[in-house]
Amino acid sequence: MMDHEQKELTVTIVVTCASLSLVGALFTLTCFALIPKLRRVFSFRLVFFITLNDITSSIFYLMNPVTIFKPEGGYECQTQAFALGYFDISSMMWTAAAACTMHIAVESALNLRSAPLNNRLICIYFCFCQIGPILPSVMPFFFNAYGHSGIWCWVKSGDGESLEIIRMFAYYIWAWLVTFYLLFVYW
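A. A nonpolar patch on the surface, seen in detail. Together, Ile165, Met168, Phe169, Tyr172, Trp176, Phe180, Leu183 and Trp187 give the surface a local cluster of nonpolar side chains, amounting to about 950 Å² of exposed area. Overall, the relative accessible area of 44% leaves Phe169 in the partly exposed class.

B. Up close: the state of the cysteines. Scanning the model with the defined rule gives 1 disulfide in all. Here Cys77 is linked by a disulfide to Cys153, with a sulfur-sulfur distance of 2.0 Å. When the S-S torsion is -110 degrees, as for the bridge of Cys77 with Cys153, the disulfide is left-handed. Taken as a pair, Cys77 in helix H5 (residues 74-108) and Cys153 in strand E2 (residues 153-155) lie far apart in primary sequence, 76 residues in all. Taking the relative accessible area as the measure of exposure, Cys77 reaches 1% and is therefore buried. A relative accessible area of 0% means that Cys153 is categorised as buried. Free of any disulfide, Cys129 has its nearest cysteine sulfur in Cys100, 9.3 Å distant.

C. Structural detail: the layout of surface pockets. Counted as a void, the largest pocket has a volume near 170 Å³. Lining the largest pocket we find Tyr61, Leu84, Gly85, Asp88, Ser149, Ile151, Trp152, Trp154, Tyr171 and Tyr172. Of all the secondary-structure elements, those providing two or more residues to the lining of the largest pocket are H5 and helix H8 (161-186). For the lining of the largest pocket, the element with the highest residue contribution is H5, accounting for 3 residues. Per-class residue counts for the lining of the largest pocket are 7 nonpolar, 2 polar and 1 charged. What the second largest pocket holds in volume is close to 150 Å³. Around the second largest pocket sit Met93, Ala96, Ala97, Cys100, Tyr125, Phe128, Trp174, Leu177, Val178 and Tyr181, which together line it. At the level of elements, H5, helix H6 (115-131) and H8 are the ones that each hand at least two residues to the lining of the second largest pocket. When grouped by side-chain class, the residues that make up the lining of the second largest pocket number 10 nonpolar, no polar and no charged.

Calculation criteria
Residues numbered from 1 in each chain as written. Predicted model: local features only at pLDDT ≥ 70, side-chain atom pairs only at ≥ 80, totals over all residues. Heavy atoms only, no water. Patch = residues over 30% accessible without salt bridge, like charges linked within 9 Å, V, L, I, M, F, W, Y side chains within 5 Å. Areas by Shrake-Rupley, 256 points an atom, 1.4 Å probe, with all protein chains shown as cover. Salt bridge = Lys/Arg side-chain N within 4 Å of Asp/Glu carboxyl O. Buried < 20%, exposed > 50% of the residue type's maximum accessible area, 1.4 Å probe, protein only. Disulfide = S-S within 2.5 Å. Helix = DSSP H or I, 4+ residues; strand = E, 2+ residues; numbered from the N terminus. 1 Å grid on protein atoms, 1.4 Å probe; cavity = no way out; pocket = protein on both sides within 12 Å on 5 of 7 lines; lining within 4 Å. Points joined across faces, edges and corners; volume = space filled by probe spheres on them. Nonpolar A, V, L, I, M, F, W, Y, C, P; charged D, E, K, R; others polar.

Listed below in structure tokens is the structure:
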């Protein structure tokens, strides 16, 4: 377990990184809002969704000073744990969707300038990337597994094998699947 000084250092690092991420994501969102030409390009619409998830994730990382110093977590900890799991997985999925779009465009010479196709792909991607991560993010609630995990709230830290399995299903399996898919597409 970390002592108070280590927790303060951790909070400083997490808040600094989350703040920088938030500034970068807000810059991207501002460019998307101010440059109408970007909104018409399908790949930038995917970047828009990645950015929205990253903004929300950064906001919940900024909750760290509120959650890390509470001894038993509480509802703030549960909220942060769920949100970080959900928005981080969702952001990864949108990255895979962008890679999928590139793969489709290169392999099948599909015309991605077709508005009906773009709208259909956005709907498919939205279901996959925004609705899909709900299950792995809700699952730890059923096992009362959300709590302090060391440096922020997520699946509780502990030696139990069941917690390790929950961590795998709540995040790591999805991270590895996306990583392998990205390697497949970009290799």
